[in-house]
Amino acid sequence: MQFTVQAAIPFLTALCFAGLAVLVWVRAKRRDVGTRLTAYLVLMAAWSLSSSMMHAGLAPGQTVWWNRIVIALAVCYALLYYHFIHTYLGHAGLDGWLRVGYALAGPVVAYTLLGDVVRHAELVDGGFRTQFGAGLYAVVTPYALVFQVLVAYILVAQYRRTRDEMPAIESEIDDALAEGVEIAYLAAPVSIGRAGAK
């Protein structure tokens, strides 16, 4: 096992994610949001640690195993990030996408770990060489992509709301209006530019 710079950077990143997870868990004002964000940060710490192990100069079989774990955790982080955003924006419970995502997460992760996604991985002259199977493109990528697109969709859709649908505390909206903030309900920007610019 060699602890090189390529292994040290993700290891330090894993420690940072773990530290952030502890801070969020302890200081979260909304327990539901704190739980989702903590789960996401713990998963990212595990992903970074797996990446570190993948670059640690282990035997080829062990490198392949850690590479499979990295891919499996990447599948999970897309789902957990969507769940965090879903909860943060005030959506209660599990929507249909989360139900399907959690139902398929186990089989997709098992498929990833069984070997059709990463077939061979090794460090060669300090560089990482991986041979991916068809499963990466047929199963893993579409699964993760769905949740990345959903995050973008709900974040954009969130800003097209009425006052009653806003995920803000009522007093915050009142304070903003009292300070002169103008809220354009159910509006989408046509363009962004500077006043008086040509």
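Grouped together as the largest cluster of nonpolar side chains are 24 residues, with contacts concentrated most on Tyr82, Val140, Tyr143 and Phe147. When residues of this core are traced back to their parent elements, those giving at least two are helix H3 (60-88), helix H4 (96-114), strand S1 (118-124) and helix H5 (134-158). Excluding residues that lie within four positions of it along the chain, tyrosine 143 makes contacts with Val75, Leu79, Gly101, Leu104, Ala105 and Val108. Ranked by size, the runner-up nonpolar core spans eleven residues in total, among them Tyr40, Leu43, Met44 and Leu80.

The next subject is the layout of surface pockets. Here the largest pocket is characterised by a volume of approximately 250 Å³. What lines the largest pocket is a set of 13 residues, and nearest its centre among them are Lys29, Arg30, Val33, Gly34 and Tyr88. Ranked by the residues each element gives to the lining of the largest pocket, the list is headed by helix H2 (residues 31-54), at three residues. Class assignment of the residues belonging to the lining of the largest pocket gives a composition of eight nonpolar, one polar and four charged.

Turning next to the confidence of the model for the chain. The pLDDT averaged across the chain works out to 83; a share of 92% of its residues lies at or above 70. When the elements of the chain are averaged for pLDDT, S1 gives the smallest value, 73, and helix H1 (residues 5-27) the largest, 92.

A separate point is the packing of aromatic side chains. Applying the stated criterion across every chain yields a total of five aromatic pairs. Ring centres of tyrosine 82 and phenylalanine 147 lie 5.8 Å apart, and the angle between their planes is 50°; on these two criteria the pair is classed as tilted. Of this pair, tyrosine 82 sits in helix H3 while phenylalanine 147 is found in helix H5, placing the two residues 65 residues apart along the sequence. Here the two residues tyrosine 82 and phenylalanine 147 agree in accessibility, since each one is buried.

Within the element layout of this structure, cysteine 76 appears in helix H3. Between the C-alpha atom of cysteine 76 and that of tyrosine 143, which follows or precedes it by 67 residues, the distance is 9.6 Å. Residues contacting cysteine 76, with those up to four places away along its chain left out, are Leu43 and Val109.

Another point: the side chain of histidine 86. Examined against the element boundaries, histidine 86 turns out to sit in helix H3. Those residues in contact with histidine 86 that sit more than four places away from it in its chain are His91, Ala92, Gly93, Asp95, Leu98 and Ile154.

Glancing now at the environment of threonine 141. For threonine 141, the position within the fold is in helix H5. Residue threonine 141 is classed as partly exposed on the basis of its relative accessible area, which comes to 38%. Along the backbone, threonine 141 and alanine 74 are 67 residues apart, and their C-alpha atoms lie at a distance of 9.6 Å.

This part is about H3. Between the first and last C-alpha of H3 there are 41 Å, a value that for 29 residues agrees with the 42 Å anticipated at 1.5 Å per step. Count one or two residues on from H3 and you reach glycine 90, which has phi positive near 90°.

The subject of this paragraph is H4. An α-helical turn contains 3.6 residues, so a residue and the one three or four places further along point in the same direction. Taking 1.5 Å as the rise per residue, H4 with 19 residues should run 27 Å; its terminal C-alpha atoms sit 28 Å apart, in good agreement. If you look at H4, its biggest bend is around 35°, right at alanine 105, and the proline proline 107 turns up within four residues after that. Where H4 is concerned, the buried positions are Leu98, Gly101, Ala105, Val108, Val109 and Thr112. Backbone geometry just after H4 places glycine 115 at a positive phi near 120°.

About the cut-offs
Residues numbered from 1 in each chain as written. Predicted model: local features only at pLDDT ≥ 70, side-chain atom pairs only at ≥ 80, totals over all residues. Heavy atoms only, no water. Core = buried A, V, L, I, M, F, W, Y, C linked by side-chain atoms within 4.5 Å. Buried < 20%, exposed > 50% of the residue type's maximum accessible area, 1.4 Å probe, protein only. Helix = DSSP H or I, 4+ residues; strand = E, 2+ residues; numbered from the N terminus. Contact = heavy atoms within 4.5 Å. 1 Å grid on protein atoms, 1.4 Å probe; cavity = no way out; pocket = protein on both sides within 12 Å on 5 of 7 lines; lining within 4 Å. Points joined across faces, edges and corners; volume = space filled by probe spheres on them. Nonpolar A, V, L, I, M, F, W, Y, C, P; charged D, E, K, R; others polar. pLDDT = per-residue confidence, 0-100. Phe/Tyr/Trp six-rings, centres within 6.5 Å; stacked < 30°, edge-to-face > 60°. Expected span 1.5 Å × (residues − 1). Bend = angle between axes of the 7 residues up to and from the residue.

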